[in-house]
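Each chain, written out:
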Amino acid sequence: MSEIELKFQIPAQKHKAFCLAFQRKKPETVQLQAKYFDTADCCLQQRKIALRQRLENHTWMQTLKAPKNAIERLEIESELGEQEPAVIDLAMYLQDAKLKKLLEPLLQPQNPLQLQFETRVQRQRFIQKIADSEIELAFDQGEIIAGQRSAPVNEIEFELKQGSIHELIQSVQPWVEKYQIWLDSSSKALKGQMLQQALQAAPVQYQSSLALHADDHVGAALAKIIANCLEHLLPNSSAIAGQQYEAGHVHQARVAIRRMRSALKTFGQWAGRDTQAWQDQLAELFRQLGATRDRDALAASLIPQLQLAGSPVSELPAQEAVEEDISALFRAPKTTLLLLELIEFSHQPQDGKSRLKKQSRKQLNKMHQQICQAESAFEQLQAEEKHRLRKRVKRLRYSVEFIASLYPQSAMKPYLKALKPLQESLGRFNDLTVAQALFEKSVSQQPQSWFVLGWIAAEQHHIEQQIQQELTAFCQAQCFWK
């Protein structure tokens, strides 16, 4: 069966008030003790599968969970009785061909399952009814234990037992507004794996493939695209919100947001609703993440090149102001409410008659032509026009990737071969422009920055010529959608 649930963390300053409010609902209290298993080489973890045996009051249950999308998971659960089982029984999962293939490495005698970590939790829960829906609210307090290490558990889960995603979101919103709980897509299994392996951050989440169908109408296709972007965004935003993140999480969160903005701008007008408010909120979130990403990117790419060029300056200029706490962006109620709206849209049936393939042709043609208009005089364009061109190229790239499953790869490959280098060169040019602005501000305090500015100017000129050639090649590429 499938399990649809949303999990949230509770801010420390709201914890006492939250506990009192939850107690007023007269919840049932359940003691939970769970043991999580995997192979020595973490075979299940690599496949994002969790396998546990859990004592719920006096009964042992065995559960296997595997993700289906950002909020929905495959869950197979069986009752084992009151005695703690001595072995893990995999037979119940092997009837399903897909699961059998995923679990095949576990069937080898040289790769046995081992206890990885445990959880000990007190769960308080009650059922809320909204219209024809039933939602279970479960408040967990306890700890995760891996060897000599432990980590606290303090979270609230909203699980849709029956009914619609709309009522599930409705049940969450008042708690977000009053207690500022924030969305956390990382499971106890993931946190246990991090603890067991002494990891400071969860793995960075990259975009996954997307399968659309030729007979999808635009609304349904957009819902699938937004769901795909959320699968990309939520693990990274959760890592950032939890203050256990690296530069890669920030970069991929921005990529996911830009992909979502591109989807809404390209296909949003046929979605059956006004998406402009979402676009505006995502644009602001993207902008607020920008400064952190720009410095990280420049530190990784520009500084090594300057060192090779013999630059007397080997680090970025100091920041003028204290860097914004980007983790607070993803803990903010307005961000959480935005994500909930997008989750609801992505999981609800959408109306519409316009077929995706037909409408996407119009949009791709328009973007292609706008980009080709810059071919004749890229070097003469103003800085803002060059920046706009870069955004159009990125939007076209993402739009092409969204509909990739509708066309043969052999038809798309030549087009992408012309588009990708253009996008990369425009990105490189933009990074140099950002660096130029940073070092221009530091010249009065650090005269050696003139060397850097001269090097940047020479690089910009070289890349402008490269972009001009790539624009010509791109405009000659065959549009595969025609």
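Residues numbered from 1 in each chain as written. Predicted model: local features only at pLDDT ≥ 70, side-chain atom pairs only at ≥ 80, totals over all residues. Heavy atoms only, no water.

**Description of empty space enclosed by the protein**
The condition that has to hold: Grid points spaced at 1 Å and placed over the protein atoms alone form the basis of the search, with a cavity being a set where a 1.4 Å probe fits but cannot get out and a pocket an open set showing protein on both sides within 12 Å along at least five of seven lines. Lining residues have an atom within 4 Å of a point. Grid points are joined across faces, edges and corners, and a volume is the space filled by probe spheres set on the points. Note on conventions: DSSP H or I runs of at least 4 residues are helices, E runs of at least 2 residues are strands, and numbering of each starts at the N terminus. Three classes are used, and their members are as follows: Ala, Val, Leu, Ile, Met, Phe, Trp, Tyr, Cys and Pro are nonpolar, Asp, Glu, Lys and Arg are charged, and the others, Gly among them, are polar.
Tallying each qualifying case throughout the model produces one cavity of 30 Å³ or more. Its boundaries defined by the atoms lining it, the largest cavity holds a volume of some 90 Å³. In terms of lining, the largest cavity is formed by 14 residues, of which the most central are Phe37, Asp38, Gln116, Phe117 and Gln193. Elements supplying a minimum of two residues to the lining of the largest cavity: strand 2 (28-38), strand 3 (50-56), strand 6 (114-130) and helix 5 (188-196). Tallied by class, residues from the lining of the largest cavity come to eight nonpolar, five polar and one charged.

**A word on the environment of Arg47**
Operational definition: Relative accessibility under 20% of the residue-type maximum defines a buried residue, over 50% an exposed one, and the middle range a partly exposed one, all with a 1.4 Å probe and only protein chains included. Here a residue-residue contact requires only that any non-hydrogen atoms of the pair lie within 4.5 Å.
Within the fold, Arg47 resides in the loop between helix 2 (43-46) and strand 3. The class of Arg47 is partly exposed, set by a relative accessible area of 31%. Along the primary structure Arg47 and Leu102 are separated by 55 residues, whereas in three dimensions their C-alpha atoms are 7.5 Å apart. The residues contacting Arg47, other than those within four sequence positions of it, are Leu102 and Pro105.

**Some words on the packing of aromatic side chains**
Rules: A pair of aromatic rings is counted whenever rings of Phe, Tyr or Trp (Trp by its six-membered ring) have centres within 6.5 Å, and the orientation is called stacked for planes under 30 degrees apart, edge-to-face for over 60 and tilted otherwise. For a ring to carry a charge above it, either NZ of a lysine or CZ of an arginine must fall within 6 Å of the ring centroid while also lying within 35 degrees of the normal to the ring plane.
Applying the stated criterion to the full structure yields 17 aromatic pairs. Here the aromatic rings of Tyr36 and Phe117 are separated by 4.7 Å at their centres, their planes lie at 15°, and the arrangement is stacked. You can see Tyr36 sitting in strand 2 and its partner Phe117 sitting in strand 6, a full 81 residues away along the chain. Judged by relative accessible area, which is 7%, Tyr36 ranks as buried. A residue is classified by how much of its surface remains accessible, and Phe117, at 3% relative accessible area, is buried. Pairwise contacts between aromatic rings join Phe18, Phe22, Phe126, Phe139, Trp175 and Tyr179 into one cluster. Against the face of Phe286 rests Arg254, its NZ or CZ located 3.9 Å from the ring centre.

**A look at helix 12 (residues 383-402)**
Residues separated by three or four positions in an α-helix point in the same direction, a consequence of the helix having 3.6 residues per turn. Which entries qualify depends on this criterion: Here, expected helix span is obtained from the residue count minus one, scaled by 1.5 Å.
For helix 12, which comprises 20 residues, the first-to-last C-alpha distance of 29 Å matches the rise-based estimate of 28 Å (1.5 Å per residue) to within 8%. All buried positions along helix 12 are accounted for by Lys386, Leu389, Arg390, Val393, Lys394, Arg395, Leu396, Arg397, Tyr398, Ser399, Val400 and Phe402. On its buried face, helix 12 is in contact with helix 6 (218-241), helix 7 (247-267), helix 11 (356-372), helix 13 (409-442) and helix 14 (449-475).

**A short note on unusual backbone geometry**
Leaving glycine out, the prevailing phi sign among residues is negative, and the prevailing peptide bond configuration is trans. One non-glycine residue, Lys26, lies in positive phi territory at about 50°. One can find Lys26 in the loop between helix 1 (15-23) and strand 2. A residue is classified by how much of its surface remains accessible, and Lys26, at 73% relative accessible area, is exposed. Positive phi is not limited to glycine here, since Ala131 has a value of about 55°. You can see Ala131 is positioned in the loop between strand 6 and strand 7 (133-146).

**Structural notes on the environment of Ala377**
Counting through the fold element by element, Ala377 comes out in the loop between helix 11 and helix 12. C-alpha separation for the pair Ala377 and Asn57, spaced 320 residues apart in sequence, amounts to 73 Å.

**So, the state of the cysteines**
How we decide: Two cysteine sulfurs form what is called a disulfide whenever their separation falls within 2.5 Å.
Scanning the entire structure with this criterion turns up zero disulfides. With no disulfide partner, Cys42 has as its closest neighbouring cysteine sulfur the one in Cys43, 9.2 Å distant. On the basis of relative accessibility, which here comes to 14%, the residue Cys42 falls in the buried class. Given the relative accessible area of 3%, Cys43 is considered buried.

**A short note on the pattern of salt bridges**
For the record, the criterion: Salt-bridge detection follows one rule: a side-chain nitrogen of Lys or Arg within 4 Å of a carboxyl oxygen of Asp or Glu.
Under the criterion given, the structure shown has 25 salt bridges. Linking Glu459 and Arg428 is a salt bridge whose minimum nitrogen-to-oxygen distance equals 3.7 Å. Placement of the pair is Glu459 in helix 14 and Arg428 in helix 13, with a sequence separation of 31 residues. Residue Arg428 is classed as buried on the basis of its relative accessible area, which comes to 18%. When salt bridges with common partners are traced through the structure, they connect Lys7, Arg123, Asp140, Glu155, Glu157, Asp184, Lys188 and Lys191 into a single cluster.

**Observations regarding helix 1**
To keep things clear, this is the line we draw: Throughout, the arc means the angular range of directions from the helix axis out to the C-beta atoms.
Buried within helix 1 are the following residues: Phe18, Cys19, Ala21 and Phe22. When helix 1 is viewed along its axis, its buried side chains cluster within an angular range of 165° and face the same direction.

**A closer look at the packing of helix 13 against helix 14**
As a reminder of what qualifies: To define axes, lines are fitted to C-alpha atoms, for helices over the stretch in contact only, and angles between the resulting N-to-C directions are given on a 0 to 180 degree scale. Oblique is the label for any angle not under 35 degrees, not over 145, and not in the 65 to 115 range, which are roughly parallel, roughly antiparallel and roughly perpendicular in turn. The handedness criterion is simple: a crossing whose near helix is rotated anticlockwise from the far helix by less than a right angle is left-handed, and one whose near helix is rotated clockwise is right-handed.
At a minimum axis distance of 9 Å, the contact between helix 13 and helix 14 shows a crossing angle of 160°. Judged by the inter-axis angle, helix 13 sits roughly antiparallel to helix 14. Crossing angle aside, the handedness with which helix 13 passes helix 14 is left-handed. Residues of the contact of helix 13 with helix 14, tallied by class, amount to 19 nonpolar, seven polar and five charged.

**Focus: the confidence of the model for the chain**
Inclusion rule: The pLDDT value expresses, per residue, how confident the predictor is, ranging between 0 and 100.
Overall, the prediction assigns the chain a mean pLDDT of 90, with 98% of residues at 70 or greater. Per-residue pLDDT, averaged within each element of the chain, yields its smallest value for helix 3 (residues 97-103) (79) and its largest for strand 9 (residues 182-183) (98).

**Here we look at the pairing of strand 4 (residues 59-67)**
Remember that side chains alternate between the two faces of the sheet whenever the strand is regular. Heads up, the condition is: A pair of strands is considered paired only if DSSP assigns at least 2 bridges between the two.
Among the nine residues that make up strand 4, seven are buried, leaving the element largely enclosed by the rest of the structure. Across seven bridges, strand 3 lies against strand 4 in antiparallel orientation. Looking at strand 4, one finds that Leu51 is bridged to Leu64. Hairpin remark: strand 3 followed by strand 4, antiparallel, with two residues in the connecting loop; positive phi at Asn57, about 60°. Note that strand 4 and strand 5 (residues 72-81) share eight bridges and pair antiparallel. Across the sheet, Met61 pairs through a bridge with Glu79, a residue of strand 5. The hairpin formed by strand 4 and strand 5 contains four residues between the paired strands.

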